[in-house]
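Read off the chains here:
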There are 2 protein chains.
Amino acid sequence: MVGAGTEYLYNLLVQLLGRDRMYGLEDPGYSKAERIYTLSGARCLSLPVDEGGIPLEELEPSGCQVLHISPNHQFPTGAVTPISRRQGMLRWAERETGRYIIEDDYDSEFRFTGRPIPTLQSIDRADKVLYVNTFSRTLAPSLRIGYLVLPRTLLKDYESRLGFYSSTVPAIEQYTLALFLEEGHFERHLNRMRVFYRNRRDQVIAAIGRSPLAGRCRVMGEEAGLHFLLQLDTSLEDARLEEAARKKGIRLSFLTQYERVPGRAGAHTLVVSYPGLDGERLEAGLETLAKLLVK
Amino acid sequence: MVGAGTEYLYNLLVQLLGRDRMYGLEDPGYSKAERIYTLSGARCLSLPVDEGGIPLEELEPSGCQVLHISPNHQFPTGAVTPISRRQGMLRWAERETGRYIIEDDYDSEFRFTGRPIPTLQSIDRADKVLYVNTFSRTLAPSLRIGYLVLPRTLLKDYESRLGFYSSTVPAIEQYTLALFLEEGHFERHLNRMRVFYRNRRDQVIAAIGRSPLAGRCRVMGEEAGLHFLLQLDTSLEDARLEEAARKKGIRLSFLTQYERVPGRAGAHTLVVSYPGLDGERLEAGLETLAKLLVK
């Protein structure tokens, strides 16, 4: 199913799976999904995330029926769910009818080290996984093209109840994108962008290593995706540091800003979206930040 | 608000106005709106339509809170709501907080005779009317651009609760359309299409007048829009005539196919979408149809 962005597709997912089910989401996580599920009338609960995503033992007691996860690159922690936990998640879904997993594969295309682990969708044998992805990150956000891959049994249900919907993506964009994929341009573009982003990431991490912040911070989750985490060696509260930096013209994004339940996200940890960072302004910013940490 | 088609906007309307309200729709009417409201979790009821739209005396006892209507060209009856009834509808909405009117202006641009009556939106003084329209009919369905004009008070609510949504329309289409409007091309295009469609309509009506159907049918609702009604002088049931015609390769669309409550739409009345009809195939079709009526 092709749709005008994943946000639109989230709306359709609730119409397909039902608003009477409990949706479980990652905490810290991508808050738009929860907002949209809630606006669509579904109930949501948030589940904690460790370095491998949502721990299996959280699933059964939570009472959730639809699990919305990003096992290939969790936002914002960057956690990658190991294969054994993926299999455990599938078993959890298989244990009861009406349980489903929405695999939101946002930002999974840019993996710089290590082999990619098979998607849940590719190892699902029981029609339990709904796969969602977008071309916003890999091509351009202004394109507004996302897609949804449904298991066969749900596809039938979709067609009979929601099949009347007109496509939300203009025909000309669909034809252009189809050609772009068919002729191999997308793969080539991804490879080029992977090199570009890896270089940019290396430059930003090197700049941190040369800056007065060096030795007082730790880079994490830099193996994939267009952001990494920067844990700061400080006792300053996130909100106070954020405010102090804002006064100096630096906008900081903290892991804690993405948490629903207080304490679920590590404190003193920046979410660094590196594609836009370069050159002198970065160096000046790092110096300013280092000074703020000393105070 | 610009969105990827009116269907998408109907989804947003329920999120904005709430799924706990009762939505009243025209019967016979455009069934997709009701399907989408229902899928979005709202309750719907259907209200009868006469030659001026939904009669005022139906509103209060129905218990509906949100009225979804097309006062400028009702689909499929072609009814146009007179100004006095429009004012009555606005008074109904003003009588209670939480009452709203969704003015769906689909297919209103092609008016061939008579002066257009002011839209409800333009005479609304109490922030009660939400105006919806699309460029599907006037430019191309494959464009996927619809829009929603909210009253100021609802716009605030929209921005605070739904403002986080990304636009569903690609940037390039929005810029192109904006230029097309700004430079007057849209007005010129509409004028050209109005002449084109009026000629086409006249040709189709003339062909009916020359055919063996002449004198055994009545053209209605031809003043506006891209379809008219053709009341047939027959006692054959619609379903039987439709089946007999289908066997001869003619697809007929009856007014009764758009009714929710049996008896609300006049029987023996075809909904004729004329833009695609021309030439010899039309003449042959009219002859076949006339023969079927005799049987």
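Residues numbered from 1 in each chain as written. Chains lettered and ligands numbered in written order. Predicted model: local features only at pLDDT ≥ 70, side-chain atom pairs only at ≥ 80, totals over all residues. Heavy atoms only, no water.

## Here we look at the layout of surface pockets
Residues and elements named next belong to chain A.
For step 1, the next point in the chain: In this structure, the second largest pocket spans a volume of roughly 920 Å³.
For step 2, the next point in the chain: Lining the second largest pocket are 28 residues, with R251, L252, V272, S273 and L277 sitting closest to its centre.
For step 3, the next point in the chain: Going through the elements one at a time, α8 (185-210), β9 (227-232), β10 (269-273) and α10 (279-294) are the ones with two or more residues in the lining of the second largest pocket.
For step 4, the next point in the chain: Per-element accounting of the lining of the second largest pocket gives the leading share, five residues, to α10.
For step 5, the next point in the chain: By residue class, the composition of the lining of the second largest pocket is 17 nonpolar, seven polar and four charged.
For step 6, the next point in the chain: Residues lining the lining of the second largest pocket come from more than one domain, with at least three contributed by each of domain 1 (2-182) and domain 2 (187-293). (1 Å grid on protein atoms, 1.4 Å probe; cavity = no way out; pocket = protein on both sides within 12 Å on 5 of 7 lines; lining within 4 Å. Points joined across faces, edges and corners; volume = space filled by probe spheres on them. Helix = DSSP H or I, 4+ residues; strand = E, 2+ residues; numbered from the N terminus. Nonpolar A, V, L, I, M, F, W, Y, C, P; charged D, E, K, R; others polar. Domains from an automatic or database assignment.)

## With respect to the relation of the copies chain A and chain B
For step 1, the next point in the chain: Rotating chain A by 180° about the axis while translating it 0.0 Å along that axis superimposes it on chain B, leaving an RMSD of 0.0 Å. Classification of the inter-copy transformation places it as that of a two-fold axis.
For step 2, the next point in the chain: Taken as a fraction of all interface residues of chain A, those also at the interface in chain B reach 100%, which identifies the copy contact as same-surface. (Least-squares fit on C-alpha atoms with pLDDT ≥ 70 in both. Contact = heavy atoms within 4.5 Å.)

## Brief notes about the nonpolar core
General note: in soluble globular proteins, nonpolar side chains tend to be found buried as a group.
For step 1, the next point in the chain: Y37 and L130 of chain A together with Y37 of chain B are the most contacted members of the largest nonpolar core, which has 54 residues in total.
For step 2, the next point in the chain: In contact with Y37 of chain B, other than residues within four places in its own chain, are Y10, L13, V14, Y23, L25, A42, C44, H68 and I102 of chain B.
For step 3, the next point in the chain: Counting residues in hydrophobic clusters, the runner-up holds 33 residues, among them V169, Y197, L252 and L286 of chain A. (Core = buried A, V, L, I, M, F, W, Y, C linked by side-chain atoms within 4.5 Å. Buried < 20%, exposed > 50% of the residue type's maximum accessible area, 1.4 Å probe, protein only.)

## Some details on the pattern of salt bridges
For step 1, the next point in the chain: Counted under the stated rule, the structure contains 26 salt bridges over all chains.
For step 2, the next point in the chain: Between E96 of chain A and R99 of chain A there is a salt bridge whose closest N-O contact spans 3.5 Å.
For step 3, the next point in the chain: Its salt-bridge partner being R264 of chain B, residue D27 of chain B comes within 3.1 Å of it at the nearest N-O pair. Pair noted here: D27 of chain B is in strand β2 (residues 22-27) and R264 of chain B is in the loop between α9 (238-247) and β10 (269-273), with a separation of 237 residues, a long-range link.
For step 4, the next point in the chain: The exposure class of R264 of chain B is partly exposed, given its relative accessible area of 27%. (Salt bridge = Lys/Arg side-chain N within 4 Å of Asp/Glu carboxyl O.)

## Observations concerning the domain arrangement of chain A
Residues and elements named next belong to chain A.
For step 1, the next point in the chain: Looking at the assigned domains, one finds that chain A contains domain 1 (2-182) and domain 2 (187-293).
For step 2, the next point in the chain: Using only C-alpha atoms to locate each centre, domain 1 and domain 2 end up separated by 27 Å.
For step 3, the next point in the chain: Each partner contributes to the interface: domain 1 provides 23 residues, whereas domain 2 provides 23 residues.
For step 4, the next point in the chain: When domain 1 packs against domain 2, the two sides together hide about 2,200 Å² of surface, and 58% of this comes from carbon and sulfur.
For step 5, the next point in the chain: If you sort the residues of domain 1 by the area they bury against domain 2, D27, F110 and F112 come out on top, with a joint share of 31%.
For step 6, the next point in the chain: Taken together, domain 1 and domain 2 are joined by two salt bridges.
For step 7, the next point in the chain: One can count 13 residue pairs in polar contact (both at pLDDT 80 or more) joining domain 1 with domain 2.
For step 8, the next point in the chain: Elements that contribute at least two residues to the side of domain 1 that touches domain 2 include exactly β2 (22-27), α2 (31-39) and β3 (43-48).
For step 9, the next point in the chain: Broken down by element, the side of domain 1 that touches domain 2 gets its largest block of residues, three residues, from β3.
For step 10, the next point in the chain: Class assignment of the residues belonging to the side of domain 1 that touches domain 2 gives a composition of nine nonpolar, seven polar and seven charged. (Buried area = accessible area lost by both parts, 1.4 Å probe. Polar contact = N/O pair within 3.5 Å; in protein donor to acceptor, adjacent residues only side chain to side chain.)

## Overview of the interface of chain A and chain B
Many analyses report the size of an interface as the accessible area lost when the parts associate.
For step 1, the next point in the chain: Taken together, the 28 residues of chain A in the interface contact 28 residues of chain B.
For step 2, the next point in the chain: Taken over both partners, the interface formed by chain A and chain B buries close to 2,400 Å², and the fraction arising from carbon and sulfur atoms is 54%.
For step 3, the next point in the chain: Between chain A and chain B we count 18 residue pairs in polar contact (both at pLDDT 80 or more) in total.
For step 4, the next point in the chain: Secondary structure elements with two or more residues in the side of chain A that touches chain B: α1 (6-17), α2, α6 (152-162) and α7 (171-182) of chain A.
For step 5, the next point in the chain: In terms of residue class, the side of chain A that touches chain B is built from twelve nonpolar, nine polar and seven charged.

## What about the pairing of strand β5 (residues 100-104) of chain A?
All names here are of chain A.
For step 1, the next point in the chain: Most of β5 is tucked away: five of the five residues are buried.
For step 2, the next point in the chain: Of the two faces of β5, both are covered, the one formed by Y100, I102 and D104 as well as the one formed by I101 and E103.
For step 3, the next point in the chain: Regarding topology, helix α4 (residues 83-94) serves as the crossover connection from strand β4 (residues 66-69) to the parallel β5, and that connection is right-handed. (Right-handed = clockwise from strand over helix to strand, strands pointing away.)

## So, α9 of chain B
Residue and element names in this part refer to chain B.
For step 1, the next point in the chain: Every buried residue of α9 is listed here: D238, L241, E242 and A245. All buried residues of α9 lie within an arc of 100° about the axis, which places them on one face of the element. In α9, the exposed positions that point more than 90 degrees away from the buried face belong to A239, R240 and K247.
For step 2, the next point in the chain: Close packing links the buried residues of α9 with β9 (227-232) and α10 (279-294).
For step 3, the next point in the chain: Positive backbone phi, approximately 85°, marks G249, located one or two places after α9. (Arc of directions from axis to C-beta.)

## Quick notes on the environment of E283 of chain B
Residue and element names in this part refer to chain B.
For step 1, the next point in the chain: With respect to the element layout, E283 can be found in helix α10.
For step 2, the next point in the chain: Overall, E283 belongs to the partly exposed group, its relative accessible area being 42%.
For step 3, the next point in the chain: Taking the C-alpha atoms as reference points, E283 and V204, 79 residues apart in sequence, are found 9.2 Å from one another.

## With respect to the side chain of K128 of chain B
All names here are of chain B.
For step 1, the next point in the chain: Relative to the helices and strands, K128 resides in the loop between α5 (120-123) and β6 (129-134).
For step 2, the next point in the chain: Among buried Asp, Glu, Lys and Arg side chains, K128 stands out as unpaired, with D124 the closest opposite charge at 8.0 Å.
For step 3, the next point in the chain: Reaching out from K128, the side chain makes a polar contact with the backbone oxygen of A93 at a distance of 3.2 Å.
For step 4, the next point in the chain: In contact with K128, not counting residues within four places along its chain, are A93, E94, E96, T97, G98, R99, Y100, I101 and P151. (Lys, Arg positive; Asp, Glu negative; His and termini not counted.)

## Overview of unusual backbone geometry
Backbone phi values are negative for most residues with the exception of glycine, while trans is the configuration of most peptide bonds.
For step 1, the next point in the chain: Note the cis peptide between F75 of chain A and P76 of chain A, where omega equals 5°.
For step 2, the next point in the chain: Of note, the phi angle at D127 of chain A is positive, near 55°, even though the residue is not glycine.
For step 3, the next point in the chain: Along the chain, D127 of chain A falls in the loop between α5 (120-123) and β6 (129-134).
For step 4, the next point in the chain: In this structure D127 of chain A comes out as partly exposed when scored by relative accessible area, which is 25%.
For step 5, the next point in the chain: Even without being a glycine, H268 of chain B presents a positive backbone phi close to 60°.
For step 6, the next point in the chain: Residue placement: H268 of chain B occurs in the loop between α9 and β10.

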